[in-house]
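Spelled out from the first residue to the last, the chains are:
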2 protein chains.
Amino acid sequence: MGTTPSSPDSTDHGTPALAMSAGLDQPEHQRLLAAEEDIQARLGDHSIDFVSLAAVSNIYRAAAAVRRRAEREILAEVNLSWGGFTILWVLWVWGEMETARLAGECDLAKGTLTGMVSTLEKQGLVERQRVEEDRRRVTVTLTSDGLALIEDVFPRFNRYEVAVTTGLSPQDKQELARLLRTVTTNAGS
Amino acid sequence: MGTTPSSPDSTDHGTPALAMSAGLDQPEHQRLLAAEEDIQARLGDHSIDFVSLAAVSNIYRAAAAVRRRAEREILAEVNLSWGGFTILWVLWVWGEMETARLAGECDLAKGTLTGMVSTLEKQGLVERQRVEEDRRRVTVTLTSDGLALIEDVFPRFNRYEVAVTTGLSPQDKQELARLLRTVTTNAGS
DNA sequence: TCTAGATCGTTTGGTACCTAACTAAAACGA
DNA sequence: TCGTTTTAGTTAGGTACCAAACGATCTAGA
């Protein structure tokens, strides 16, 4: 993902900013209202749904933060990109897989996948095989090096997932996943 | 967002896959358990926190889905990237701003911002001014064209934010934002 | 005043990502 | 049986993104 809008919600990272935070402390809350009124005034008769704005904007911010730190602290030292890691993980869980389905599982465009599989192939972590019955198609499998790597990295990654969800109860986490799934479906994955 | 791992959670997009979905229907649920046991077996004595995995993986998936569709259906027709839109939005809400803070508000690396501001400048949507007192620094402002554009686009973007959160109550949306803010903080924005 | 260090924004180099165009293979139809 | 259409994966072109190196400017300390 790159980074981006979803309208800023900067209370989350220190600076003043829009403050959709629903913070409980008074000054925070006042600033929230001030900003909202400010925007509202600027928009005239158009009405803005700040609650939806806050929900959506935080999705992007969280995703970017989680990804950046994972790349820096876990993936970089094994020389794996976020996308590369995903591919290894999917192949590890589901085994040999054709390119088209692999792209779907990894949520990547097929053209993107081609390049990333090539990179992993050069690194000796995966292998391509043409399908005999239909020579247009290609399957991808983990090599033993790839297997060893993902078995080493994934537990660390999962510990990181636990770390970034600190402060959320198991119920919170399930609720979070559920709400996000609805959004993903609405956006039409 | 880019796209990526956070371990797949593909029930969300049709294909078989990991199915952390907490689906209620029976076959779905069985598949979930089977997959979990499968991975667990593969990992031997390492234990995996599937709830955290599902929470985190869905963040990325949702962010990517939301972004892709926004770029395609809203931003493309006004020739704006997600990042470019964010910059205009921040400047619109907060007014003239120095580069460093703008990068922070937009959640972008400063080097990234430089290029994107240059693009927007070429499009005539923003302007740069050197700060008199400290000639290292630069402020960025909206031009009248930039102002007109963001006033036109933002209401549409907000309607889109409402659309992708369809099915979530206002309380759900606030809860979603709250949970995500915790994650962002944990990941150290 | 002079200089060493800190602090700006920009540049650079590299990856990742998407879309659209392309190539090759299979499937279909007359 | 031969074209046409469909369906694979790859390639090409462009943007976005980050991190690290760079150059210019300010600031301290002597």
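Below is a summary of the structure that appears in this document.

What counts and how
- Residues numbered from 1 in each chain as written.
- Chains lettered and ligands numbered in written order.
- Predicted model: local features only at pLDDT ≥ 70, side-chain atom pairs only at ≥ 80, totals over all residues.
- Heavy atoms only, no water.
- Salt bridge = Lys/Arg side-chain N within 4 Å of Asp/Glu carboxyl O.
- Helix = DSSP H or I, 4+ residues; strand = E, 2+ residues; numbered from the N terminus.
- Near = heavy atom within 4 Å.
- Nonpolar A, V, L, I, M, F, W, Y, C, P; charged D, E, K, R; others polar.
- Core = buried A, V, L, I, M, F, W, Y, C linked by side-chain atoms within 4.5 Å.
- Buried < 20%, exposed > 50% of the residue type's maximum accessible area, 1.4 Å probe, protein only.
- Pairing = 2+ DSSP bridges.
- Contact = heavy atoms within 4.5 Å.
- Axes fitted to C-alpha atoms, helices over the stretch in contact; angles between N-to-C directions.
- Phe/Tyr/Trp six-rings, centres within 6.5 Å; stacked < 30°, edge-to-face > 60°.
- Lys NZ or Arg CZ within 6 Å of the ring centre and 35° of its normal.
- Polar contact = N/O pair within 3.5 Å; in protein donor to acceptor, adjacent residues only side chain to side chain.

1. Things to note about the pattern of salt bridges
When their charged atoms lie close together, side chains carrying opposite charge are able to pair. Residue and element names in this part refer to chain A. On inspection of all chains with the given rule, the structure shows 24 salt bridges over all chains. Residue Glu105 is joined to Arg101 by a salt bridge in which the shortest nitrogen-to-oxygen separation is 3.5 Å. Within this pair, Glu105 and its partner Arg101 are both found in helix α4 (residues 99–106), separated by four residues, close to a single helical turn. A salt bridge links Arg156 to Asp152; its shortest N-O distance comes to 2.8 Å. With Arg156 and Asp152 both in helix α6 (residues 144–164), this residue pair falls four residues apart, about one helical turn.

2. With respect to the protein's contact with DNA strand C
Near DNA strand C you find 24 residues, and of these Arg67(A), Ser81(A), Thr112(A), Arg128(B) and Arg136(B) are the closest. Among the elements that make up the surface near DNA strand C, the one with the highest residue count is helix α5 (residues 110–122) of chain B (three residues). Considered class by class, the residues forming the surface near DNA strand C number five nonpolar, nine polar and 10 charged.

3. Some thoughts on the nonpolar core
Of all hydrophobic cores here, the largest spans 105 residues; its most connected members are Leu102(A), Phe154(A), Leu176(A), Leu102(B), Phe154(B) and Leu176(B). Considering every element that reaches this core, the biggest residue donor is helix α2 (residues 50–75) of chain A, with 14 residues.

4. Focus: the sheet that holds strand β2 (residues 126–130) of chain A
By way of backbone hydrogen bonds, the strands of a sheet pair with one another, either parallel or antiparallel. Residue and element names in this part refer to chain A. An order of β1-β3-β2 is seen for the three strands of this open sheet, with the pairing classed as antiparallel. The sheet is open, and its two edges are formed by β1 (97–98) and β2, each paired on a single side. Packing against the sheet, helix α5 (residues 110–122) makes contact with β2 and β3 (138–142), and its axis sits at approximately 120 degrees to β2.

5. What to know about the sheet that holds strand β2 (residues 126–130) of chain B
Residues and elements named next belong to chain B. Spatial strand order, β1-β3-β2: three strands in an open sheet with antiparallel pairing. Bordering the open sheet on either side are β1 (97–98) and β2, each of which pairs with just one other strand. Alignment of β1 against strand β3 (residues 138–142), held across two bridges, turns out to be antiparallel. Paired with Glu98 across the bridge in β3 is Thr139.

6. Quick look at the packing of aromatic side chains
Centre-to-centre distance and the angle between the planes together describe a pair of aromatic rings. Inspection of every chain in the model, using the stated rule, returns 14 aromatic pairs over all chains. Taken together, Tyr60(A), Trp82(B), Phe85(B), Phe157(B) and Tyr160(B) form an aromatic cluster joined through their ring pairs. Against the face of Trp94(A) rests Arg101(A), its NZ or CZ located 5.8 Å from the ring centre.

7. Overview of the side chain of Thr143(A)
Residue and element names in this part refer to chain A. As for its position among the elements, Thr143 is in the loop between β3 and α6. Engagement of the side chain of Thr143 in a polar contact is seen with the backbone oxygen of Gly124, the distance being 2.6 Å. Ignoring any residue separated from it by four or fewer positions in sequence, one finds Thr143 in contact with Gly124, Leu125, Val126 and Glu127.

8. What about the pairing of β3(A)?
All names here are of chain A. Of all five residues in β3, five are buried, a share of seventy percent or more. Burial along β3 is two-sided: Val138, Val140 and Leu142 facing one way and Thr139 and Thr141 facing the other are all buried. Sheet analysis places β2 next to β3, joined by five bridges and oriented antiparallel. Each bridged residue has a counterpart across the sheet, and for Gln129 the counterpart in β3 is Thr139.

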